[in-house]
Amino acid sequence: MSARGAVLGIDVGGTSIKVRMVDGDDGRLLDEQRVPTPRDDPQATALAGIVAELGDRGRTVALQHGTTLDAIGLVVPGVVDEDAGRSVLSVNLGWQDVPVRARVAGALGTSGIDVPLAFGHDVRAGALAEVSVGTLAEVRTGALGGPDRGALDHGTVAFVPVGTGVASALVVDGRVVPGGGWAGEVGQVRIQHGAHAGLRVEEVASAGAVARRSGAPSAHDAMLRVRDGDPVARRAWDECVDVLADTLAWLTAVAGCHTLIVGGGLARSGPLLFEPLGVALADRLAGVRLPALVGARHGDAAGAIGAAVLARAAADRADGARPRTGAADAAVTA
């Protein structure tokens, strides 16, 4: 039995909920699954029930591995007040000023799951996972370095997942910059000029937008259509690259990023995205130091991994006198 129990990381996306359970000592993956994100759930009531079910499954899986469930980390998209445990605004989920942490904590308590609950922002949690290396313990303490990720422990790095929507998080000298409300919500900026004037960035430059504007059931299907020479999909793809390049260029110029980590579902298309995006960035940043453009090493699992890191931190901070699930001060932010 592990000296430290397992932790459960849950990343709520616009389309699916990604779940990872890891061992508390070495970060070994114990369980992984995806379930659909509930629709028409403006108060996160259905989500709370799903998290309680996932927590119950997590407790069972932990016992099967000879350990216990020590904590749960939950991260959500949109504008997040991590201290208050609220979703201020999540366009893709239809949330506005919803007390997500309290709602989920209540459902966990009703199910008899009494563990610390960490609550945070999906993109900042993903950034935490992406810039960290080594075992879960090393990630938790913020230890960085190593031959493959060493450059990320200094200067400014941007993590930009391109999934159902688009957002960003900054990492400065190895530390994730706190959100401060609307910080990082680049996908919500309205385009002012050109063919897409009036649309928000993520209505053109996201995996969800590419699928919708291609008439495809998913971004992956849209990618396949692009490779097959479909002109509608090709146009949607090219326009996505153009708008995304504009966004990344401004982000680079303002924050001085030396590395851009692009994640989310669209990043899984590899060179089909990164080659034209790199060319477009170089064109926009002529005379400015060009950032390294890399794919997220964790793909679209970064948020769930980061949520597990937050859960581990919450478990380590808990003691016999500390309130457990349902307490307002149990949140751990990225």
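Check the entry above for the structure.
Residues numbered from 1 in each chain as written. Predicted model: local features only at pLDDT ≥ 70, side-chain atom pairs only at ≥ 80, totals over all residues. Heavy atoms only, no water.

1. Side note on the nonpolar core
Test applied: Think of a nonpolar core as a cluster: buried Ala, Val, Leu, Ile, Met, Phe, Trp, Tyr and Cys residues, connected wherever their side-chain atoms sit within 4.5 Å. To sort residues, take the accessible area from a 1.4 Å probe on protein chains only and compare it with the maximum for the residue type: under 20% means buried, over 50% means exposed, and anything in between is partly exposed. We call two residues contacting when some pair of their heavy atoms lies within 4.5 Å.
The biggest cluster of nonpolar side chains holds 38 residues, and the ones touching the most others in it are Trp 237, Leu 248, Leu 266 and Leu 273. Each residue touching Leu 273, except ones within four places of it in the same chain, is listed here: Trp 237, Val 241, Val 262, Leu 266 and Ala 267. One finds Ile 50, Val 76, Leu 93 and Ala 107 within the second-largest nonpolar core, a separate group that totals 35 residues.

2. Quick look at the environment of Arg 124
The cut-off we apply is this: In DSSP terms, a helix is any run of H or I states spanning at least four residues, a strand is any run of E spanning at least two, and both are numbered starting from the N terminus. Within 3.5 Å is the distance limit for a polar contact, defined as a pair of N or O atoms, with the added protein rule that one can donate a hydrogen and the other accept it, and that residues adjacent in sequence qualify only through two side-chain atoms.
Mapped onto the secondary structure, Arg 124 falls in helix H3 (residues 122-131). For Arg 124, a relative accessible area of 3% gives the class buried. For Arg 124 and Gly 303, which are 179 residues apart along the polypeptide, the C-alpha to C-alpha distance reads 8.0 Å. There is a polar contact of 3.4 Å between the side chain of Arg 124 and the side chain of Glu 82.

3. Considering the pattern of salt bridges
Cut-off, in case you're wondering: Every case where a carboxyl oxygen of Asp or Glu lies within 4 Å of a side-chain nitrogen of Lys or Arg is listed as a salt bridge.
For the structure shown, the criterion picks out 15 salt bridges. A salt bridge links Glu 32 to Arg 20, with the shortest nitrogen-to-oxygen separation between them at 3.1 Å. Residue Glu 32 is found in strand E3 (residues 29-36), and its partner Arg 20 is found in strand E2 (residues 16-22); the two are separated by twelve residues along the sequence. Between Arg 284 and Asp 242 there is a salt bridge, with its nearest N and O atoms 3.9 Å apart. Linking Arg 284 in helix H8 (residues 271-284) with Asp 242 in helix H7 (residues 231-255), this pair joins segments that are 42 residues apart in sequence. Here the salt bridges share partners, and the residues they tie into one network are Arg 4, Asp 70, Arg 312 and Asp 316.

4. Some remarks on the sheet that holds strand E7 (residues 95-98)
What counts, and what does not: Whether two strands pair comes down to DSSP finding at least two bridges between them. For helices, the fitted line uses only the C-alpha atoms of the stretch in contact; every axis is such a line through C-alpha atoms, and the angle between N-to-C directions lies from 0 to 180 degrees.
Spatially, the three strands line up as an open sheet ordered E5-E6-E7, and their pairing is antiparallel. Edge positions in the sheet fall to strand E5 (79-81) and E7, since each has one partner strand and no second. Each neighbouring strand pair of the sheet contributes to a mean axis angle of 15°, computed without reference to strand direction. Sheet topology note: the E5/strand E6 (residues 86-90) ladder contains three bridges and is antiparallel. Considered in E6, the bridge of Val 79 is made with Leu 89.

5. Let's talk about the sheet that holds strand E11 (residues 175-176)
What the five strands build is an open sheet, ordered E11-E10-E9-E12-E13; its pairing is mixed. Because the sheet does not close on itself, it has two edges, and the strands there are E11 and strand E13 (292-295). Here strand E9 (residues 156-161) runs beside strand E12 (residues 259-263); their pairing, made up of five bridges, is parallel. Within E12, the residue paired with Val 160 across the bridge is Val 262.

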